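Coordinates in review
Read off the chains here:
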Amino acid sequence: MSSKKNSEEYLRIPPWLRVKLPAGKTFNDTAKLLADLNLNTVCQTAKCPNTWDCFSRNVATFLIMGFVCTRNCAFCNITSGKIDPLDSDEPRRVSEAVSRLKLKYTVITSVTRDDLPDGGAAHYAETITRIRTDHPECAIEVLIPDFQGDLPALKTVLEAKPNVLNHNVETSPDLYSEIRPEADYEQSLELLERVKKYGNGIPAKSGLMVGLGETDEQVYRVINDLAAINCDIVTIGQYMRPSKEHPTVKRYVEPHVFDEYAEYGKSLGIKHMFCAPLVRSSFHAAESFGEL
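Residues numbered from 1 in each chain as written. Predicted model: local features only at pLDDT ≥ 70, side-chain atom pairs only at ≥ 80, totals over all residues. Heavy atoms only, no water.

1. A short note on helix H5 (residues 90-100)
Residues of H5 that are buried: Glu90, Pro91, Arg93, Val94, Ser95, Ala97 and Val98. Downstream of H5 by a residue or two, Lys102 has a phi angle that is positive, lying close to 55 degrees. (Buried < 20%, exposed > 50% of the residue type's maximum accessible area, 1.4 Å probe, protein only. Helix = DSSP H or I, 4+ residues; strand = E, 2+ residues; numbered from the N terminus.)

Set out below in structure tokens:
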């Protein structure tokens, strides 16, 4: 038996990553509401381990512009392939879901749409504006793709005035060729730096996963890079393999190490570090925003 097969067989999921499924009917009610409105969520599409927790609290991260991506990042469970046209009614339906779920904080993300001239920036802006018009009391966080480094596209989203703009660097730059071959680490840092330059005070947020093969030293380098551009919120969570077709988990990082990441980021001046094994960029996002 090869060492590779041994490592895959015996790298068991540790107890701190085992999720207890909550009881109650709220989960089913949330799932049914989203299905009725024909809305996608990254929770379901990406097989997030926190879906039971969030749905049971009437919380979901809306996935706009379809569920098929123009890129094929190795870690991601979202499908790549034939792209559907944009749905002009989607902003209205997202706003209706905000109303029916009684959300005071909502997170909107999307597939990457490199097929569109603006990467879907105008669709983001329309969705933000619709929610802002219908629900002025609701705070809005957007988790955007890199728009291939296009500044006018980013400005389109910023001018719609989300409360938080998130763009994830996802992993160490040393792993980009393997994990994010169609993305560029420096371009992602530049996007976040531009949020600080052109966002009129809109907080910048980013996140990464551990367990893909990076070292702790490489994690600290990413935290340093994010601190250097004055990123306000940083999330770090454990990579978990969505299927056997995805990269294997190279290590399970113990909870105390996440605490060390958080303390290090805070020592560099990052305002809020949310680091734990089950953390995802939109998990308890309202609480992260509240910390600011």
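Continuing now.
2. Notes on the packing of aromatic side chains
Under the criterion given, the structure shown has five aromatic pairs. With centroids separated by 5.7 Å and ring planes inclined at 80 degrees, the aromatic side chains of Tyr220 and Tyr261 adopt a geometry described as edge-to-face. With a gap of 41 residues between them, Tyr220 in helix H10 (residues 216-228) and Tyr261 in helix H11 (residues 255-267) connect regions that are remote in the sequence. In this structure Tyr261 comes out as buried when scored by relative accessible area, which is 0%. Both rings, one in Phe258 and one in Tyr261, keep their centres 5.8 Å apart while their planes meet at 80 degrees; by these two values the pair is edge-to-face. (Phe/Tyr/Trp six-rings, centres within 6.5 Å; stacked < 30°, edge-to-face > 60°.)

3. Re the confidence of the model for the protein
Of the residues in the protein, 80% reach a pLDDT of 70 or more, and the chain-wide mean stands at 85. Between residues 1-10, whose pLDDT stays under 50, and residues either more than four places distant or in other chains, the model counts three contacts. Considering only residues more than four positions removed or in separate chains, one finds that residues 43-48, a stretch of pLDDT under 50, has 15 contacts. (pLDDT = per-residue confidence, 0-100. Contact = heavy atoms within 4.5 Å.)

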